[in-house]
Amino acid sequence: MWGTYTAANPSTTKGQSLNVVSGGGSDTDSVSKFRLELSSGKNIPDITELNYDEVPEFVNSGALADISAAVTPDLGNVTTAAKTLTSYDGQTVAVPIQVNEKLWFYRADLFAKAGIDPAQVKTQADFVAAGKKLQAVEPGSYIWNLPASPAPYQWGMVVSGNGASYSTKSPCAITVGSDPGTAQAFQAMKDLRNSGAVSTSIGDFTPQWQSALANGTLASTLSASWLPTFIEQYAPALKGKWAVAQWPEIGGAVGGSEAGGAVFVIPAASPHKAQALAFLTKTLMTASGASAYLQKNTAYIPNVTSLLQSPSVQDNSYFGPSLIKAYLAASSTYKVFPYDASNSAETTALGDQLANYLNSPATSPSSFLQTAQSQLASQVGCPYSQ
Amino acid sequence: MSQLQLAHRRRDREEVRTLPRRRSGRALLDRTVPYLFLAPFLVSFIVFFAAPSIVSIVLSFYRYRGYGTASYIGFHNYVALFQSPEFWQSARVTLFYWLVPLVPLLGGGFLLAVLVRSKLAKLPSVFKPLLFVPQVMAPVAAAMVWRVILSDNGVLNSLLGLHVDWLNDPSAGKWAVVLLLLWGGIGWYFVIFLAGLTNVPDELLEAAHLDGANAMQRIRHVTLPMMRPIILFAVVIDTISSFQLFTEPNLLVGAAGAASATGAPPTAAPVMNQVVDNIDAGQFGLSAAAGWLLFLAVGIFSILQFRLLRERGK
C-alpha cells in the first residue's frame with residue numbers, strides 16, 4: 001500500500017517513510033500498547049489501528065485527532081456503513097479499513113445434502129431446526145459453536161442488532177442490569193447451547209475450531225466479514241464448498257455488526273498528522289488507492305462503493321458470488337452497538353457473567369445481569385468518566 | 001609555658017588530628033566498599049521493585065486508565081473489589097487451587113523423598129532427575145502438552161475409558177488444573193524434602209529402630225518432628241505460588257477467543273486474573289488494589305502458617 005501510494009504521489013511523499021510496528025498478538029495487546037504510548041508521551045504512532053468498539057475510550061479522553069477536514073471530502077466515495085465508522089459522538093476521528101458485517105458462513109455441499117436452504121432460515125427456531133436437519137444426514141456435525149465461555153464477539157454480534165445497551169450518557173450510569181436486549185442475547189446463547197444443534201465444546205481460534213471448519217464438524221458458523229481469510233487458510237481444499245448467507249434473527253437481533261469494524265485513528269499527539277491523513281484517505285477512501293489494496297488482499301471487501309463492482313469482489317475466488325451478495329444484503333441492516341468509553345471493562349464483566357449463566361442451571365439471566373450491573377456500577381461508575 | 005613547648009603541643013595536636021583522619025578515611029572506605037558491591041542489587045531493587053510498589057500503592061487510591069488524568073477516589077477501588085462477586089469467585093477458585101493439591105503435593109513429595117532415601121529404592125540417582133523433570137519443563141509447554149492429554153479423545157480419557165470434557169466443562173476444568181499442578185509441582189517438593197531428610201541423623205533413626213519403632217513410627221515420631229522447619233518452608237512456598245497462580249489455568253482451560261483477555265472462564269480463573277484483566281480493561285487503580293489485596297492475603301496466610309507450624313519455644 002505504501003509503495004503504491006508513494007509511487008502515485010512522488011512530490012508530496014518525498015522524504016517520507018513508513019515504519020510498521022506490531023501492536024502485539026491480540027486486540028487487547030494493541031490497546032494496552034497504545035495506552036502506554038499515550039501515558040509516556042513517547043513513541044506515539046502517527047497511525048493506530050483499533051476496533052471501532054475501542055474508539056470511544058480514546059475519544060472520551062481526548063487522545064484522538066479530529067480529522068473531519070481531511071475525511072469529509074472523500075465521504076461520498078465510501079459505503080454508508082463505512083461512513084458510520086468515521087465518527088463517534090459527533091467527532092470525526094477514524095478512517096475505516098474494514099466494515100464488520102454479520103455473515104453466516106455455511107458448507108453449501110452439506111447444506112444441499114441435508115436439504116437446507118439458508119435463505120429460508122429466518123429465525124432462531126429455524127436455525128436450530130436446520131441444525132437438526134443437518135445432523136440427520138451428517139451425524140456429529142454442528143451448525144455453530146458456543147463453548148462454555150463464548151468469545152465476546154459471539155454475543156456482541158447479537159446485542160449489536162437487538163437494541164441492547166449497557167449504559168446511558170445522561171444521566172451517566174450503567175444500566176445493563178435491566179437491559180432487555182442483553183438479557184435476550186444471554187437467553188439466546190443458552191437456548192442455542194441447549195438445543196443440541198450447536199457444539200458446546202469447540203471454542204473459536206482453537207486448533208479444534210480450525211480442524212472443525214475443515215473437516216465438516218462445523219458445517220456452518222455465524223460470524224462476520226473478517227472470517228473469509230481464516231476459512232481460506234484453515235480449509236484450502238474446500239474452495240467452492242463454503243458459501244455465505246445472511247444471519248437469521250438470533251436473540252431478537254435484526255442486523256447489527258461485529259465491533260462495528262476496524263479503523264485507523266490518528267493520535268492528537270501525532271507529530272505527522274497531515275502526512276498520515278493524506279496516506280490513509282488516499283489509500284482507503286479513494287478508488288485508486290483502495291484498488292491497490294484490493295489487488296494485494298483478494299478476500300478484502302473495500303469500503304469504496306465503486307470498487308464493490310470489481311470482478312474479484314463480485315466473484316470471490318473462494319466463496320464465489322455469495323460473499324458479496326450476502327455482504328450487500330447485510331449492509332441494509334448494518335448497525336453499530338452504542339459503545340461507551342468503558343467498553344473493555346463492560347465486555348470483561350459481561351463475558352464472565354455470561355459464562356456463569358451458561359454453566360448454571362438458572363433459566364433466567366436476570367440475576368447474572370444484576371451482578372454485572374453492581375460490579376460495573378461500583379468499579380466503573382460513570383462509563384464516560386475519564 | 002614557653003613558646004617552644006606551645007609549638008610542640010600544637011604539632012602534637014596536629015599529628016593527633018592527622019593520624020585519625022587517615023584512619024577514618026580508610027574506615028570510610030571499608031564501610032563503603034560493601035555497599036558498592038551491593039549497589040547493583042540495591043539500585044535494581046529500588047528501580048524495579050520498591051519504587052513501582054510505592055507507585056502501585058498510590059495508584060490503588062486512584063481511578064486511572066493508564067494515560068490522561070488520574071482521579072483520587074480514596075478506598076473506592078478496595079471497596080469495589082470487596083463488593084465484586086467476580087473477585088470473590090476468583091478468590092474461591094484460588095483457594096481451591098491452593099488447598100486441593102496441598103496434601104497430595106506435599107504428602108506425595110514427602111513420601112517419594114522417604115522412598116528414594118530408603119533402602120527400598122534401588123536406583124535413586126535415576127528417580128531423582130526423573131521426578132524433577134516436570135519442574136524443569138516450561139509451564140507454557142507443559143500446559144500445551146496437557147491440553148492434548150486432557151482433550152476429548154486424549155490419553156487420559158482413552159486410558160481410563162472416561163468421557164470427561166476436562167477443558168470445556170467448567171466443573172471439570174478446575175480439576176484439570178489441579179492435575180497439572182500436581183504433575184508439575186511434586187518433583188519440586190520431592191527435592192525440598194529429600195534435602196530436608198539429610199538433616200535427620202541416621203543415628204537417631206537407628207536408635208529408634210533399636211528401641212522397637214517400626215517404619216511408620218520412625219517417620220511419625222522422628223522424621224516428621226525433625227523436618228518441621230522444612231515442612232513449614234514447603235507450605236509457605238506452596239501458599240505463595242498458589243496465590244500467584246496465573247499461567248497454568250489460563251493456558252490449560254482458557255481459549256484464545258474466551259470471554260476475558262486472560263482466557264480462563266470465571267469458574268476456573270484465579271485471583272491473579274483480576275490484576276491482569278483490569279489492566280487490559282484500562283482500570284489500573286483497580287488492578288493495583290487487587291494486587292495489594294493479594295499481597296495482604298499471602299502475608300496473612302504466611303504469618304498464620306509460621307505461627308501454627310513453628311517449633312514451640314522458638
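Residues numbered from 1 in each chain as written. Chains lettered and ligands numbered in written order. Predicted model: local features only at pLDDT ≥ 70, side-chain atom pairs only at ≥ 80, totals over all residues. Heavy atoms only, no water.

**Section: the pairing of strand 5 (residues 102–107) of chain A**
Residue and element names in this part refer to chain A. Inclusion rule: For each residue, the accessible area found with a 1.4 Å probe, counting protein chains only, is set against the maximum for its type, and the residue is called buried under 20%, exposed over 50%, and partly exposed in between. We count a stretch as a helix when DSSP gives it H or I for four or more residues in a row; a strand needs E for two or more, and each element gets its number in order from the N terminus. Note on pairing: two strands pair once DSSP finds at least 2 bridges between them.
In terms of residue burial, strand 5 counts as a mostly covered element, since 6 of its 6 residues are buried. Here strand 5 shows a buried face lined by Lys102, Trp104 and Tyr106 and a second buried face lined by Leu103, Phe105 and Arg107. Summarising the sheet, strand 5 and strand 10 (residues 220–224) pair through 5 bridges and their orientation is antiparallel. Pairing of Phe105 across the sheet is with Thr221, part of strand 10. Pairing between strand 5 and strand 11 (residues 242–245): 4 bridges, direction antiparallel. For Arg107, the partnering residue across the bridge sits in strand 11 and is Trp242.

**Structural notes on the sheet that holds strand 11 of chain A**
Residues and elements named next belong to chain A. Definition in use: Axis lines are fitted to C-alpha atoms, over the contacting stretch for helices. Their N-to-C directions set the angle, which ranges from 0 to 180 degrees.
The strand order 10-5-11 describes an open sheet built from 3 strands, whose pairing is antiparallel. Lying at the two open borders of the sheet, with one neighbouring strand each, are strand 10 and strand 11. Across the sheet, the axes of successive neighbouring strands diverge by a mean angle of 30°, strand direction being ignored.

**What about the UniProt feature "transmembrane region" (unreviewed entry) in chain B?**
All names here are of chain B. This is how the line gets drawn: UniProt positions are given in the numbering used here, feature names are shortened, and annotations may be inferred rather than shown by experiment.
The sites that carry the UniProt feature "transmembrane region" (unreviewed entry) are, in the present numbering, residues 35–62, 95–117, 129–149, 175–197, 226–246 and 284–304. Taken as a whole, residues 35–62 contains 89% helix and 4% strand, while its terminal C-alpha atoms sit 36 Å from one another. The span residues 226–246 shows a helical share of 81% and a strand share of 0%, and its end C-alpha atoms are spaced 34 Å apart.

**Remarks on the packing of aromatic side chains**
Basically, it comes down to this: Only centres within 6.5 Å qualify two rings of Phe, Tyr or Trp (six-membered ring in Trp) as a pair; their planes then separate them into stacked at under 30 degrees, edge-to-face at over 60, and tilted for everything else. Any Lys NZ or Arg CZ that is within 6 Å of a ring centre and within 35 degrees of that ring's normal is treated as a charge sitting over the ring.
Under the definition given, this model contains 42 aromatic pairs over all chains. Seen from their ring centres, Trp226 of chain A and Phe230 of chain A are 5.9 Å apart, and the 90° between their planes marks the pair as edge-to-face. Through a chain of ring-to-ring contacts, the aromatic side chains of Tyr153, Phe205, Trp209, Trp226, Phe230 and Tyr234 of chain A assemble into a single cluster. Looking at Lys190 of chain A, its charged tip hangs above the ring of Tyr357 of chain A, at a distance of 4.5 Å from the centre. In this structure, Lys174 of chain B is placed above the aromatic ring of Phe96 of chain B, and the distance from its NZ or CZ to the ring centre is 4.6 Å.

**Overview of the packing of helix 8 (residues 202–210) of chain B against helix 9 (residues 215–226) of chain B**
If you want to describe how two helices pack, look at the angle between their axes and the distance between the axes. All names here are of chain B. Heads up, the rule is: By the definition adopted for this analysis, an angle is roughly parallel if under 35 degrees, roughly antiparallel if over 145, roughly perpendicular if from 65 to 115, and oblique otherwise. For any pair of crossing helices, the crossing counts as left-handed if the nearer helix is rotated counterclockwise from the farther one by less than a right angle, and right-handed if it is rotated clockwise. Any two residues having at least one pair of non-hydrogen atoms within 4.5 Å are treated as being in contact. Three categories are distinguished: nonpolar for Ala, Val, Leu, Ile, Met, Phe, Trp, Tyr, Cys and Pro, charged for Asp, Glu, Lys and Arg, and polar for the others, with Gly belonging to the last.
At a minimum axis separation of 10 Å, helix 8 and helix 9 run at an interaxial angle of 160°. On the basis of the axis angle, helix 8 is roughly antiparallel to helix 9. When the axes of helix 8 and helix 9 are compared, the crossing they make is right-handed. Each of Leu204, Leu205, Ala208 and His209 in helix 8 lies in contact with helix 9, whose residues at this interface are Arg218, Val222, Thr223 and Met226. Among the residues forming the contact of helix 8 with helix 9, the class breakdown is 5 nonpolar, 2 polar and 1 charged.

**Some thoughts on the environment of Ser317 of chain A**
Residues and elements named next belong to chain A. The topology assignment puts Ser317 in the loop between helix 14 (311–314) and helix 15 (322–331). The class of Ser317 is partly exposed, set by a relative accessible area of 45%. For the pair Ser317 and Lys239, spaced 78 residues apart in sequence, the C-alpha separation works out to 7.9 Å.

**Examining the state of the cysteines**
Each disulfide consists of one covalent bond between the sulfur atoms belonging to two cysteines. Residues and elements named next belong to chain A. As a reminder, the rule being used: Cysteine sulfur atoms are paired as a disulfide whenever they fall within 2.5 Å.
Taken as a whole and assessed by the stated rule, the structure comprises 1 disulfide over all chains. Two residues share a disulfide in this structure: Cys172 and Cys382, whose sulfurs sit 1.8 Å from each other. Between Cys172 and Cys382 the disulfide shows an S-S torsion of about 85°. By sign, it is right-handed. On the criterion of sequence distance, the pair formed by Cys172 in the loop between strand 7 (167–168) and strand 8 (173–174) and Cys382 in the segment after helix 17 (366–379) is long-range, its members being 210 residues apart. A relative accessible area of 24% places Cys382 in the partly exposed class.

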